[in-house]
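Each chain, written out:
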Amino acid sequence: MAGTYDAIVIGGGHNGLVTACYLAKAKWKVLVLERRYVVGGACVTEETFPGFKVSTAAYVNSLFRPEITRDLRLKDYGFECLERNPSSFSPFLDGRHLFLGPDSQMNLREIAKFSKKDAANYPKYEKMLEHVAAAIEPTLPMTPPNLLHPGLGGAWKLFGLGRTFQKMGPAMAEAVEVLTGAARPILDRWFESQELKATIATDAIIGAFASPSMPGTAYVLFHHVMGETNGKKGVWSYVKGGMGGLTQALARAAKDLGVEIRCEAEVSKILVEGGVVKGVGLANGDEFQAKKVASNLDPHLTFQKLLDPKLLPPDFNDAVGRISYDSASLKINVALSELPNFSACSGTEVGPQHRGTVHLVPDLDFIERAYDDAKYGMPSKDPILECTIPSAVDPTVAPPGKHLMSMFIQYAPYKLKEGTWDDWRDKFADRCFDFLNQYAPNFKKSVIARQVLSPVDLEKTFGLTGGNIFQGAMNLNQLFMFRPVVGFADYRTPIKGLYLCGAAAHPGGGVMGICGMNAAREMQKRW
């Protein structure tokens, strides 16, 4: 045995680091083991191109919990968020464009260019989402009840949740629709402008293998009003220096709290004796003992790769096997010699069209057709592009005079009908570049270098099964009391002393840190 600890955290992603910090604050001796050369998981900054600080996977922030930032004094360790205003820019091939952001008056003016009726409805729509967010947000730091054995505590939580919705009165019906239904009928009911609906609908499909007309896609709509930056609700931001600015701050805080962090330390097995966790073994043969182990990996890797399935109850194994990791997301990081010059809002100097998320989606049917290709195993003929240019707000991420673009693309199915992603990777990236060039004719000639991450690449690089960025689809049957499986939504597992602390647990994906905070709290019970 190479060492003995109170707790070992498998995986140094943001949730794993949060768990380690909270345990260390409680005076635990903690070891974090990270497979890659750098901590951060999918929330990382890397010098993919010389002189560029690339947010390789995750690329924007709003949902990371302010209480974690305060508790761990992350600002003292260099964590800084740079607000984006406007939040989004949607150019259209007819020469028009739509800005949306935290300025409510600007929103009204912009939307009125397409529909005065929609401009009048938009504040009411946002108010409705805020009511839903107000009901859901208190559940995020909550340990979900065990539906199989709820006990008095679990029954009380369920009663409290029911009371919250009851207080909404008649609005409860719409809230339930947002939580369970499809985004498209909700947007069709509120708005008439295809341009506005398409812009909003892209939020509903981020990371999902689904179209806006499918149940469950409305759930993500209220996230854009739920987060905050620098105390401002609904404001999204770039992390200064790239998303690794957050995880490096967490790592520095962890080390000051006494946490030991080892990179290039791949865990190959979880050690169990008599149904109780005893530690972990590394691929190089080293073994470490611990009274408790927290896995920041998804259930497939944790229970089907690092553990002998015979150690787990058959019903639990079956439930883990049913977890959906369906994914159709692809990421392209691009080094640019100049900013895109959009035909609908021209200029190669930094302007409002470069600061927020650029949505390249003309209408809802465009999204549906793109999904139709993917559901038959083909990358979208006309893909959905969401582009961000962090260098327009944070000049530290690119050399002087150069810029950095992040392209998040749907739909690129993990399972292809024909060929492999080695065959499709560059071909599909070229398709995306051609599409963007229709909106910004200088784009292709401004490309210095690019990195294309298919779903298979996301799986290999970051350990995201199926390329799913949420460690499991965010469907209703995989949320709250059902995440990751029924009976084990309290971060515990059938192995005594083994916990889940990543996005596979409640409340799921996104750079929030709550999964890690909640898991640390549960680990300290009965210590």
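Notes on the structure follow. Here the residue numbering is sequential within each chain, running from 1 through the sequence in written order. Residues qualify for local features only when their pLDDT is at least 70, as the model is predicted, and side-chain atom pairs are given and counted only at 80 or more; totals for whole chains, interfaces and linings, by contrast, use all residues. Based on all heavy atoms of the structure, the side-chain values leave hydrogens and waters out of the count.

Topic: the overall build of the protein chain
Each helix and strand counted, the protein chain has 17 helices and 20 strands in total. Against the compact-globule benchmark of 24 Å for 527 residues, the protein chain has a radius of gyration of 23 Å, which places it among compact chains. Residue pairs at least 24 apart in sequence account for 72% of intrachain contacts in the protein chain once pairs closer than 6 positions are excluded. For accessible areas, the Shrake-Rupley method is used with a probe of radius 1.4 Å. Any residue's cover is judged against the shown protein chains and nothing else. Of the accessible surface of the protein chain, which amounts to about 20,500 Å², a share of 52% is contributed by carbon and sulfur atoms. Within this scheme the basic residues Lys and Arg register as positive and the acidic residues Asp and Glu register as negative, but His and the chain ends are omitted. Charge positions come from single atoms, namely NZ of Lys, CZ of Arg, CG of Asp or CD of Glu. Distance from the positive charge centre (58 side chains) to the negative charge centre (55 side chains) of the protein chain: 5 Å. Under the scheme used here, helices are H or I runs from DSSP no shorter than 4 residues and strands are E runs no shorter than 2 residues, and both carry numbers assigned from the N terminus. Radius of gyration: over C-alpha atoms. The globule rule applied is 2.2 Å multiplied by the number of residues raised to the 0.38 power. Any two residues having at least one pair of non-hydrogen atoms within 4.5 Å are treated as being in contact.

Some words on the pattern of salt bridges
Think of a salt bridge as a Lys or Arg side-chain nitrogen and an Asp or Glu carboxyl oxygen that are within 4 Å of each other. One pass over the structure, following the stated rule, counts 29 salt bridges. Close ionic contact of R184 with D365 constitutes a salt bridge, the shortest N to O distance being 2.8 Å. Taken together, the residues span a long stretch of sequence, with R184 in helix α7 (residues 183-190) and D365 in helix α14 (residues 364-375) at a distance of 181 residues. Exposure remark for D365: the relative accessible area of 37% places this residue in the partly exposed category. Between R450 and D426 there is a salt bridge; the shortest N-O distance is 3.3 Å. With R450 in strand β19 (residues 447-453) and D426 in helix α15 (residues 421-439), this pair connects stretches of sequence that are 24 residues apart. Three exposure classes are used, based on accessible area relative to the maximum for each residue type with a 1.4 Å probe and protein chains only: buried under 20%, partly exposed in between, and exposed over 50%. Judged by its relative accessible area of 27%, R450 is partly exposed. Exposure remark for D426: the relative accessible area of 44% places this residue in the partly exposed category.

Some remarks on helix α1 (residues 14-25)
How far a helix is expected to stretch is found by multiplying one less than its residue total by 1.5 Å. Given a rise of 1.5 Å per residue, 12 residues ought to cover 16 Å, and the 17 Å separating the end C-alpha atoms of α1 matches this to within 8%. The buried fraction of α1 is high, at 11 of 12 residues. If you check which residues of α1 are buried, you get H14, N15, G16, L17, V18, T19, A20, C21, Y22, L23 and A24. Once α1 finishes, K27 follows within two positions and takes phi at roughly 75°, a positive value.

Section: the sheet that holds strand β15 (residues 329-336)
Strands were regarded as paired on the criterion that DSSP finds at least two bridges between them. Spatially, β7-β6-β16-β17-β18-β15-β19 is the arrangement adopted by the 7 strands of the open sheet, whose pairing is mixed. Since the sheet does not close on itself, it has two edges, and those belong to β7 (97-100) and β19, each with one partner. In this sheet, neighbouring strand axes are inclined to one another by 20° on average, regardless of whether the strands run parallel or antiparallel. Here β15 pairs with β19 via 6 bridges, running antiparallel. Residue pairing in the sheet places N333 in a bridge with Q451 of β19. Working convention: axes come from line fits to C-alpha atoms, limited for helices to the stretch in contact. Angles between N-to-C directions cover 0 to 180 degrees. Contacts between helix α8 (residues 194-205) and the sheet are confined to β6 (88-91), β7, β16 (357-360), β17 (384-388) and β18 (403-410), with β7 contributing the most and set at about 55° to the helix.

Description of the side chain of H359
One can find H359 in strand β16. In terms of polar contacts, H359 uses its side chain to reach the side chain of T202, at 2.9 Å. When near neighbours in sequence (up to four residues on either side) are disregarded, H359 contacts S88, F89, S90, P91, T199, T202, D203, L385 and E386. Polar contacts, as used here, are pairs of N or O atoms within 3.5 Å; protein pairs need one atom able to donate a hydrogen and one able to accept it. Residues neighboring in sequence count only if both atoms are side-chain atoms.

Side note on the packing of helix α6 (residues 172-180) against α7
Where α6 contacts α7, the two axes come as close as 9 Å, and the packing angle between them is 135°. Relative to α7, α6 is oriented oblique. Packed against α6, whose contacting residues are E174, E177 and V178, the element α7 presents I186, R189 and W190 at the interface. Residue composition of the contact of α6 with α7, by class: 3 nonpolar, no polar and 3 charged. An angle below 35 degrees is treated as roughly parallel, one above 145 as roughly antiparallel, one from 65 to 115 as roughly perpendicular, and anything else as oblique. Ten residues, namely Ala, Val, Leu, Ile, Met, Phe, Trp, Tyr, Cys and Pro, are considered nonpolar, four, namely Asp, Glu, Lys and Arg, are considered charged, and the remaining ones, Gly among them, are considered polar.

Section: the nonpolar core
Working definition of a nonpolar core: buried Ala, Val, Leu, Ile, Met, Phe, Trp, Tyr and Cys residues. They are joined through side-chain atoms within 4.5 Å. Counting residues in each nonpolar core, the largest one holds 156 residues, and the members touching the most others are Y125, F222, I332 and M407. Contacts of F222, omitting those with residues within four sequence positions, involve L129, V132, A133, I136, V178 and L179.

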